[in-house]
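# Structural description and commentary
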Amino acid sequence: MVISNDIVWHPHKIGLNERESQQTHKGCVLWFTGLSGSGKSTLADALEQALYHYSQKHSLIHTYLLDGDNLRYGLCRDLGFSAEDRHENIRRVGEVAKLMVDAGLIVLTAFISPYQKDRQQVRERFEQGRFIEIFVDTPLSICEARDPKGLYQKARRGEIKEFSGIDSPYERPIDPELHLDGTLPINTLIQQIITYLRQKKIYC
């Protein structure tokens, strides 16, 4: 879609630098990607809880979690699961996440986001170091065994078409900031993420 020449970006006096000067952490997006059942939503939720509890004892951390299913109730309710709709779904999420990062938040997203091109296009919307791709690498067999929503069973029966990992591809991240073993205990994975965030001085 081409942006009309009648639309002009309006700069504001208060920007990201000013917002971050009032807090002790940087704005960034933690982009969790992986197959359905890989544990990415559970991990993102647990990480946000860990950051919340850290805030109660130390410096305040502002977070927000964008979950794939939740956004399809509203922002993306008009989209299906074709390749084109998946692309548009991720594009919208990326734009929302960018606005939230500009507000100075640590944004956690949990989306299959199966296509490398779509993830790369979102990455390119962010400044260096503000898009952190987290690949929750869990074997398909384990994802199917978990199958919390019963989606793999439906996909195997042909009741769901274009399901990532079954009859639609999942393109593994080429060079994610974090490559996590989805079979490890969740507390171990959270600690790995927190260690990375501190090393990169996202928060103190």
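Residues numbered from 1 in each chain as written. Predicted model: local features only at pLDDT ≥ 70, side-chain atom pairs only at ≥ 80, totals over all residues. Heavy atoms only, no water.

### Examining the UniProt feature "domain: APS kinase" (unreviewed entry) in the chain
When the UniProt feature table is mapped to this numbering, "domain: APS kinase" (unreviewed entry) covers residues 26-181. When the span residues 26-181 is considered, its composition is 40% helix and 17% strand, and the gap between its end C-alpha atoms is 26 Å. (UniProt positions renumbered as here; feature names shortened; annotations may be inferred. Helix = DSSP H or I, 4+ residues; strand = E, 2+ residues; numbered from the N terminus.)

### Focus: the sheet that holds strand 2 (residues 63-67)
Spatial ordering of the open sheet is given by 2-3-1-4-5, a layout of 5 strands whose pairing is parallel. A single partner strand is all that each edge strand has here, and the edge strands are strand 2 and strand 5 (178-181). Neighbouring strand axes in the sheet, compared pairwise and without regard to direction, differ in orientation by 20 degrees on average. As defined by bridge partners, strand 2 adjoins strand 3 (residues 106-110) across 5 bridges and the pair is classed as parallel. Pairing of Tyr64 across the sheet is with Val107, part of strand 3. (Pairing = 2+ DSSP bridges. Axes fitted to C-alpha atoms, helices over the stretch in contact; angles between N-to-C directions.)

### Some words on the packing of helix 4 (residues 83-102) against helix 5 (residues 116-123)
At a minimum axis separation of 10 Å, helix 4 and helix 5 run at an interaxial angle of 20 degrees. With respect to each other, helix 4 and helix 5 are oriented roughly parallel. In the packing of helix 4 onto helix 5, the handedness of the crossing is right-handed. For the pair formed by helix 4 and helix 5, the contact residues are Arg86, His87, Ile90 and Gly94 on the first element and Asp118, Gln121 and Val122 on the second. A per-class count over the contact of helix 4 with helix 5 returns 2 nonpolar, 3 polar and 2 charged. (Parallel < 35°, antiparallel > 145°, perpendicular 65-115°, else oblique. Left-handed = near helix turned anticlockwise from the far one by under 90°. Contact = heavy atoms within 4.5 Å. Nonpolar A, V, L, I, M, F, W, Y, C, P; charged D, E, K, R; others polar.)

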